[in-house]
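So you can see what is in the structure, the chains are spelled out below.
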Amino acid sequence: MLAILLCWLCISVTFLSLGDFFILVYNKICNKNEKYSITDTLFLGMAFITIPLSVSSFWLPANHYILLSLFIFSILYWGIRHKHFMYCIRRIRKHISSLFIYQSVVIVLAMLSIAFFAVWLGEQWMSYDTFYYHQAAIRWNEEYAIVPGLGNVEERFGFNSNYMLISAVYTLRFIFGEPIYGFQSFMCAAVMAWILIETFKSGFEIKRVIILLLYTAFILIDRHTLSVTSTDIIPNLTIIYLAIKTVLYPHLVKRKLLFYAAVPVALITFKLSGALIALSTIIIFFALLKHKNYRTATFVFSIAFIIMGLWLTRNVIISGYLVHPLYQIDLFSFDWKVPADILIKETNHISGHARNDYMNQIVEDFSAFRTWKEYSWHIPLFALSLASIIFISSKIIKKRKELNPVYIYMSCILAVNIIYWLLTAPSIRFGYGYVFSLFFLAVILLFFQKKQDNTKLNTLLLAVESKSGKRYTSFNLCKYVSIFLFGFIFIHSYKHVSDYRPFLRKYCDYSKSQSNMRVFYAPYSTNHQITETSKRMNISDIPFEPYKINNNITIYIATEERGFIYDIVPATSNVERGAQNYHNLEARGTSIQDGFRSKARKTE
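Undergrad: Whenever I open this one, the pattern of salt bridges confuses me. Can you help?
TA: Between side chains of opposite charge, pairing is possible as soon as their charged atoms come close. Applying the stated criterion to the full structure yields 16 salt bridges. Across the pair Lys-271 and Asp-232 runs a salt bridge whose closest N-O atoms are separated by 2.9 Å. Of this pair, Lys-271 sits in the loop between helix H13 (257-268) and helix H14 (275-278) while Asp-232 sits in the loop between helix H11 (206-221) and helix H12 (233-248), and the two are 39 residues apart along the sequence. Among the residues examined, Lys-271 registers a relative accessible area of 16% and is labelled buried. With relative accessibility at 7%, the residue Asp-232 sits in the buried group. The structure contains a network of salt bridges with shared partners spanning Arg-139, Glu-142, Glu-143, Arg-173 and Asp-567.

Right, dumping it as structure tokens:
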């Protein structure tokens, strides 16, 4: 718990500093006066931190020294802009003081619930991608500068998600001796706090209540991955936040160009499936050219080019391809390039798993009405997304002239993304950001009126008040429901943390006092994962064995049947599970930093 909160503090300070710095630069260069909320600034900081991290990764690992550099920058920046810093502090204090006591309590309960979810939730040992390559990819970024041909060690390292690069900086391994993964839980908590404040300040206006309920569902669905790693949460969260901001404040799209240009472009560097969202920036670019705003257009294009250019350069160094695993875009002939047949195998595996194994499982669960099963609710979500597309299309046809053009553009972008997702790799974890956003937009259009009407939720609850024996206002009902809802979620999250104690005693040989202390000190760790897996699968020793390649370099081979690498480096999966054969691996030099290549390339 302490480790998670400390990680959140580090992320908030550096993200806000970098975000505010780039807003300042943009306003100065483009002669603008754009102002952003704290949450907007966090997302901008998330996008812009990829620039210094990518540049430094060519020579330096993304570890605590980089974190120290970011802190020094933050101190210097806010020291120079101390008046602006004090203004920001006063604004935050004003927001806090304007809240009622029950509102503050609800926000604290929500934040603590997410923090508890990030500590432990059980069944983590079954999180496949987390332990197969996520944690190892983060460790590689943490221990080494970018390694040429790293995709030859484990093909999935070639995905090069900036989620891994950012997470490496904030593991706090130098303090706790093990990695802390708090990036995604922090961003989820920040958006939750913003939505709650929006809902409270609107007096429970119906659009914001719907947002709150949908976003709470999003958190509960993803709660099992908040305590580990996931390359899906941040992209889906970003899509949802972009959709919420656009629907609630369509008139601000033209006034917050930096946000709507930088964040979607950065999204593709976290997950390739965000490519079509990133392309929406083109609309902004051409709109700026149309209005002859060449300075802003140049800045927007430059930022997009830098973020994308650095990411593509890292892709080439890691796998030899401009975009991994798109083997069709074959522009280079470096000796470290991953063999094309490996990329073909991985591409077929991703699509085949989503179309066949995954779809068969959800059909089986849904057909048997096993509602407690993981996949049983996925088919209704697919149906919901298609129904939303049909409804929104009919609404646009009937009231096209009355609707805000921003809604129409947003509908088209989301619909195209959902159709592309369903046709390529229809796994729900790749697309629920689109599903939630499209459904929310459909609900908004369902209540659409020509003159915007901020209908309060309490108007929907008047009947409840009139039948009640006591004169409770419907506003009070909303207040009590929010306290009950987040109180229940808090109890649920704390119960899982309480279950963490006996788990530590059973699988990790902790004493009672040690297990009690661990809960409030640090979350479920890599060492716990290996220990738990070994005991559950009756593995008597650490599930790795050394394997020496050329130039006296040793790598470690995962021996357990699932081939999990955890955060061990340098390591790769066994022959049965890995896309590549480690027997074909060879070093390019005398050190790990020199990189790796495949012997199979010589025969191509």
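Next, the rest of the story.
Undergrad: Help me understand the nonpolar core in this model?
TA: Generally speaking, soluble globular proteins have nonpolar side chains that are buried together. Core analysis: the biggest nonpolar cluster contains 183 residues, and Phe-15, Tyr-170, Phe-183, Met-187, Met-192 and Tyr-215 have the highest contact counts within it. Those residues in contact with Met-192 that lie beyond four places of it in its chain are Ala-110, Met-111, Ile-114, Leu-212, Tyr-215, Thr-216, Ile-219 and Phe-486.

Undergrad: I tried to follow the sheet that holds strand S1 (residues 544-548) on my own but got confused; where do I start?
TA: The strands making up a sheet associate through hydrogen bonds between their backbones, and the pairing can be parallel or antiparallel. What the three strands build is an open sheet, ordered S1-S2-S3; its pairing is mixed. The strands lining the two open edges of the sheet, one partner per strand, are S1 and strand S3 (571-572). Relative to strand S2 (residues 554-558), S1 is paired through five bridges, and the arrangement is antiparallel. Considered in S2, the bridge of Lys-548 is made with Thr-554.

Undergrad: Would you mind showing me how to read the pairing of S2 here?
TA: Moving residue by residue along a regular strand, the side chains alternate between the two faces of the sheet. The turn joining S1 and S2, which pair antiparallel and follow one another in sequence, is formed by five residues; a positive phi near 60 degrees is taken by Asn-551. Bridge analysis of S2 against S3 gives two bridges, and the strand direction is parallel. When the bridges of S3 are listed, Ile-557 appears paired with Thr-572.

Undergrad: Any chance you could explain helix H4 (residues 64-80) here in plain terms?
TA: Along an α-helix, residues three or four apart share an orientation, since each turn contains 3.6 residues. For H4, with 17 residues, the first-to-last C-alpha span of 24 Å sits near the 24 Å given by 1.5 Å per residue. Tucked into the core, H4 has its buried residues touching helix H1 (2-30), helix H3 (50-56), helix H5 (82-97), helix H8 (162-169) and helix H9 (173-176).

Undergrad: Can you help me understand a nonpolar patch on the surface in this one?
TA: Taken together, Leu-272, Leu-326, Ile-329 and Leu-331 make up a surface patch of nonpolar side chains, about 310 Å² in accessible area. Note that Leu-331 resides in the loop between helix H16 (294-319) and helix H17 (340-367). Judged by its relative accessible area of 59%, Leu-331 is exposed.

Undergrad: When you look at the environment of Leu-70 in this model, what are you seeing that I'm missing?
TA: Relative to the elements of secondary structure, Leu-70 occurs in helix H4. Residue Leu-70 is classed as buried on the basis of its relative accessible area, which comes to 9%. Between the C-alpha atom of Leu-70 and that of Leu-18, which follows or precedes it by 52 residues, the distance is 8.6 Å. Sequence-distant contacts of Leu-70, defined by excluding residues within four places in its chain, comprise Thr-14, Leu-18, Ile-49, Val-169 and Tyr-170.

Undergrad: Teacher, can you tell me more about the packing of aromatic side chains here?
TA: The way to describe two aromatic rings as a pair is by their centre distance and the angle between their planes. Scanning the model with the defined rule gives 41 aromatic pairs in all. Their ring planes at 70 degrees and their centres at 5.0 Å tell us that Tyr-77 and Trp-78 sit as a pair that is edge-to-face. Judged by relative accessible area, Tyr-77 falls into the buried class, the value being 6%. Overall, Trp-78 belongs to the buried group, its relative accessible area being 16%. Each ring, one from Phe-218 and one from Phe-436, has its centre 6.4 Å from the other, and the planes form 75 degrees; the classification is edge-to-face. Here Phe-436 lies in helix H20 (residues 428-446) and Phe-218 lies in helix H11, a separation of 218 residues in the sequence. No difference in accessibility class separates Phe-218 from Phe-436, as the two residues are buried. One residue, Lys-479, lies across the ring of Tyr-102, its end atom 5.3 Å from the ring centre.

Undergrad: Would you explain helix H15 (residues 281-290) in this entry?
TA: All of the buried residues along H15 are Thr-281, Ile-284 and Leu-288. Considered in projection along H15, the buried side chains sweep an arc of 60 degrees and stay on one side of the axis. For H15, the exposed residues set more than 90 degrees away from the buried face come down to Phe-286 and Lys-290. Lining the buried residues of H15 we find H13, H14 and H16. Backbone geometry just downstream of H15 places Lys-292 in the positive-phi region, at approximately 60 degrees.

Undergrad: I tried to follow the environment of Phe-204 on my own but got confused; where do I start?
TA: As for its position among the elements, Phe-204 is in the loop between helix H10 (183-201) and H11. The sequence separation of Phe-204 and Lys-479 amounts to 275 residues, and the corresponding C-alpha distance is 8.9 Å.

What counts as what
Sequence order as written defines the numbering, with residues in each chain counted from 1. Whole-chain, interface and lining totals are the exception, using all residues; otherwise, since this is a predicted model, local features are given only for residues with pLDDT of at least 70 and side-chain atom pairs are given and counted only at 80 or more. In computing side-chain values, all of the structure's heavy atoms are included and hydrogens and water are not. A pairing counts as a salt bridge when a side-chain nitrogen of Lys or Arg comes within 4 Å of a carboxyl oxygen of Asp or Glu. Numbered from the N terminus, helices here are DSSP runs of H or I no shorter than four residues, and strands are runs of E no shorter than two. Throughout, exposure labels follow a simple rule: accessible area from a 1.4 Å probe, protein chains only, divided by the maximum for the residue type, with under 20% read as buried, over 50% as exposed, and the rest as partly exposed. Residues grouped as a nonpolar core are buried Ala, Val, Leu, Ile, Met, Phe, Trp, Tyr and Cys residues, joined through side-chain atoms within 4.5 Å. Throughout, a residue-residue contact means that at least one pair of heavy atoms, one from each residue, lies within 4.5 Å. One bridge is not enough; two strands pair if DSSP finds at least two bridges between them. Expected span of a helix, by definition, is 1.5 Å for each gap between consecutive residues, and there is one gap fewer than residues. Surface patches are defined over residues having more than 30% relative accessible area and no salt bridge, joining like charges when they lie within 9 Å and nonpolar side chains (Val, Leu, Ile, Met, Phe, Trp, Tyr) when within 5 Å. Residue-level accessible areas treat just the shown protein chains as cover; the underlying method is Shrake-Rupley with a 1.4 Å probe. Aromatic pairing here means that ring centres of Phe, Tyr or Trp (its six-membered ring) are within 6.5 Å. Orientation follows from the plane angle: under 30 degrees is stacked, over 60 is edge-to-face, and everything else is tilted. Two conditions define a charge sitting above a ring: the NZ of Lys or the CZ of Arg must be within 6 Å of the ring centre, and it must be within 35 degrees of the ring normal. By definition, the arc is the one covered by directions from the helix axis to the C-beta atoms.

Structural measurements only, silent on function.
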